Amino acid sequence: MNDIFGSVIAIVAILSAIALPIGLGVYFALRTANYKHNERMEMIKQGLIPPSDDKEIPNRLKTLKNATLLIGLGLGVGIGIVIVKSFNLNEDEGFWAIAPTVLLFLGISHLIYFFMSKKYNETEED
């Protein structure tokens, strides 16, 4: 009996952790789409022209910043792991090896982004 009860609890926990957020996300996405559709139809019935759903042009500098930060994060974690493995450090010492390398490479990536965006803004003004 205890085995069955434990299995039921595990299944309910998995469904609560995975299926519930996905199901709610799909529900609210469909509900929002239906609301927008009904709003557009009402505007058309009243003789109004609904605004177009044109997507705005993505900001290139924001994409550049995200890319440089992710590259810096990846390099920091990768080099930190190499340091941990090469010096055969335990978990506590490994944290103190990985964290500074991640912060160092994030800082370097911020500097790279700064100089790249500065160059981009100078060429845009000309």
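Right, let's walk through the structure included here. Along each chain, numbering runs from 1 in the same order as the chain's sequence is written. Residues qualify for local features only when their pLDDT is at least 70, as the model is predicted, and side-chain atom pairs are given and counted only at 80 or more; totals for whole chains, interfaces and linings, by contrast, use all residues. Side-chain measures here rest on the full set of heavy atoms in the structure, leaving out hydrogens and waters.

Comments concerning the overall build of the protein
Part 1 of the reasoning: From N to C terminus, the protein includes three helices and zero strands.
Part 2 of the reasoning: Counting helices and strands in the order they occur from the N terminus, the protein gives α-α-α.
Part 3 of the reasoning: Only C-alpha atoms enter the radius of gyration; for comparison, a globular chain is expected to reach 2.2 Å times N to the power 0.38, where N is the number of residues. Taken against the 2.2 N^0.38 rule, which gives 14 Å for 126 residues, the C-alpha radius of gyration of the protein at 25 Å runs more than 25% over that of a compact globule.
Part 4 of the reasoning: By principal-axis analysis of the C-alpha atoms, the protein measures approximately 75 × 70 × 15 Å.
Part 5 of the reasoning: Under the scheme applied here, a residue whose accessible area is under 20% of the maximum for its type counts as buried, over 50% as exposed, and between as partly exposed, the area being computed with a 1.4 Å probe on protein chains only. In the protein, which comprises 126 residues, the proportion classed as buried is 13%.
Part 6 of the reasoning: Two residues qualify as a contact provided that any one of their heavy atoms is within 4.5 Å of a heavy atom in the partner residue. The long-range share in the protein, meaning contacts at least 24 apart out of those at least 6 apart in sequence, stands at 61%.
Part 7 of the reasoning: Where accessible areas are quoted, they stem from the Shrake-Rupley method and a 1.4 Å probe; at the residue level, only the protein chains shown are allowed to cover. When the accessible area of the protein is evaluated, it comes to approximately 10,800 Å², of which 67% is carbon and sulfur surface.
Part 8 of the reasoning: Only four residue types enter the charge count: Lys and Arg as positive, Asp and Glu as negative, with His and the chain ends excluded. In plain terms, the charge of a residue is placed at NZ if it is Lys, CZ if Arg, CG if Asp and CD if Glu. Distance from the positive charge centre (11 side chains) to the negative charge centre (13 side chains) of the protein: 5 Å. The numbering of helices and of strands both runs from the N terminus, where a helix is a DSSP run of H or I of at least 4 residues and a strand a run of E of at least 2.

What about the pattern of salt bridges?
Should the charged atoms of two oppositely charged side chains come close, the side chains can pair.
Part 1 of the reasoning: Note on definitions: salt bridges are taken to be side-chain nitrogens of Lys or Arg within 4 Å of carboxyl oxygens of Asp or Glu. Inspection of every chain in the model, using the stated rule, returns one salt bridge.
Part 2 of the reasoning: Ionic pairing is found between Lys45 and Glu42, a salt bridge with its closest N-O pair at 3.7 Å. Linking Lys45 with Glu42, this pair stays in helix α1 (residues 2–45), spanning three residues, or about one helical turn.
Part 3 of the reasoning: Taking the relative accessible area as the measure of exposure, Glu42 reaches 41% and is therefore partly exposed.

Some thoughts on the side chain of Thr68
Part 1 of the reasoning: Inspection of the secondary structure assignment puts Thr68 in helix α2 (residues 60–87).
Part 2 of the reasoning: Aside from chain neighbours lying at most four places away, what touches Thr68 is Ser109, Ile112, Tyr113 and Met116.

Re the side chain of Ser109
Part 1 of the reasoning: Its place among the elements puts Ser109 in helix α3 (residues 91–125).
Part 2 of the reasoning: By relative accessible area, Ser109 is classed as buried at 4%.
Part 3 of the reasoning: Apart from the residues lying within four places of it in its own chain, the contact partners of Ser109 are Thr68, Leu69 and Gly72.

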